[in-house]
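Chains, contacts and geometry: an overview
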Amino acid sequence: MRPTLSLHLMVRNLPPGQRRPKIAQAIGEESAGRLQRVLLERALRLPDRGFSARILWFDDDLDSDLQALAVALGWSLMSQPAGDPGERMRRIAALGLAESEAVLLIRHDCPVLDGDYLEAACTALGRHQAVLGPVERGGYALLGLTRVDPLLFESMPWGGDRLLALTCERLRQLGWEHHLLPALWDVDRPEDLPRLAALGLVL
């Protein structure tokens, strides 16, 4: 049976010089900024799969037009909590689980994460304590949980190629059953741009 679920989209509008440095070096800071916006707008347009809530967790630099778009598309807006990426995720998951039986945390930089993928994650959370949406380089773009523990978020190699493996190892330590969805690709390097163009997304 599918649990009640809330969807949480985390975005940080990084300043020039910190936006995907490998891509920015190839296409320039201005284009890297447009890429950030294109990816976020696509994520905001993901279909609502019957979530009890959809929350966009943003930082103080998210512009007013994007905030207005999010509200128009049915998202609630919340400022991200303080802390490193792991602490932010832990606190968001805990807040979500206070209101629903399960949570899905997603990133905005994985353009092939679609409604069917979200539905598969929701279904998996009816049978498992955790679900992960891997990305090709060893991280994940989606984390679904029916419970939360600091072990999943402390001293993790965020952005590194061992994040997925270490997360799975810690889930086993906790004794939680978890499910891996098919691997996706995210936009992180210049070689990802042709795949982005193949989706019809232009900067």
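Residues numbered from 1 in each chain as written. Predicted model: local features only at pLDDT ≥ 70, side-chain atom pairs only at ≥ 80, totals over all residues. Heavy atoms only, no water.

Our focus in this paragraph is the nonpolar core. For soluble globular proteins, nonpolar side chains are generally found buried alongside one another. Core analysis: the biggest nonpolar cluster contains 33 residues, and Leu 56, Leu 104, Leu 113, Leu 118 and Leu 142 have the highest contact counts within it. Secondary structure elements with two or more residues in this core: strand 1 (5–10), helix 2 (29–44), strand 2 (53–58), helix 3 (64–72), strand 4 (102–106), helix 5 (115–124) and strand 6 (140–145). For this core, the element with the most residues is helix 5, which contributes 5 residues. Look past the residues within four positions of Leu 113 in its chain and what remains in contact with it is Leu 46, Ile 106, Leu 118, Ala 141, Leu 142 and Leu 184. Listed in part, the 23 residues of the second largest apolar core include Ile 92, Leu 166, Cys 168 and Trp 176. (Core = buried A, V, L, I, M, F, W, Y, C linked by side-chain atoms within 4.5 Å. Buried < 20%, exposed > 50% of the residue type's maximum accessible area, 1.4 Å probe, protein only. Helix = DSSP H or I, 4+ residues; strand = E, 2+ residues; numbered from the N terminus. Contact = heavy atoms within 4.5 Å.)

So, on to the packing of aromatic side chains. Evaluation of the coordinates by the stated rule reveals 0 aromatic pairs. Seen from the ring of Trp 75, Arg 54 lies directly overhead, with NZ or CZ sitting 4.7 Å from the centre. (Phe/Tyr/Trp six-rings, centres within 6.5 Å; stacked < 30°, edge-to-face > 60°. Lys NZ or Arg CZ within 6 Å of the ring centre and 35° of its normal.)

By the secondary structure assignment, His 108 is in the loop between strand 4 and helix 5. Polar side-chain contacts of His 108 include one of 3.4 Å to the side chain of Gln 36. (Polar contact = N/O pair within 3.5 Å; in protein donor to acceptor, adjacent residues only side chain to side chain.)

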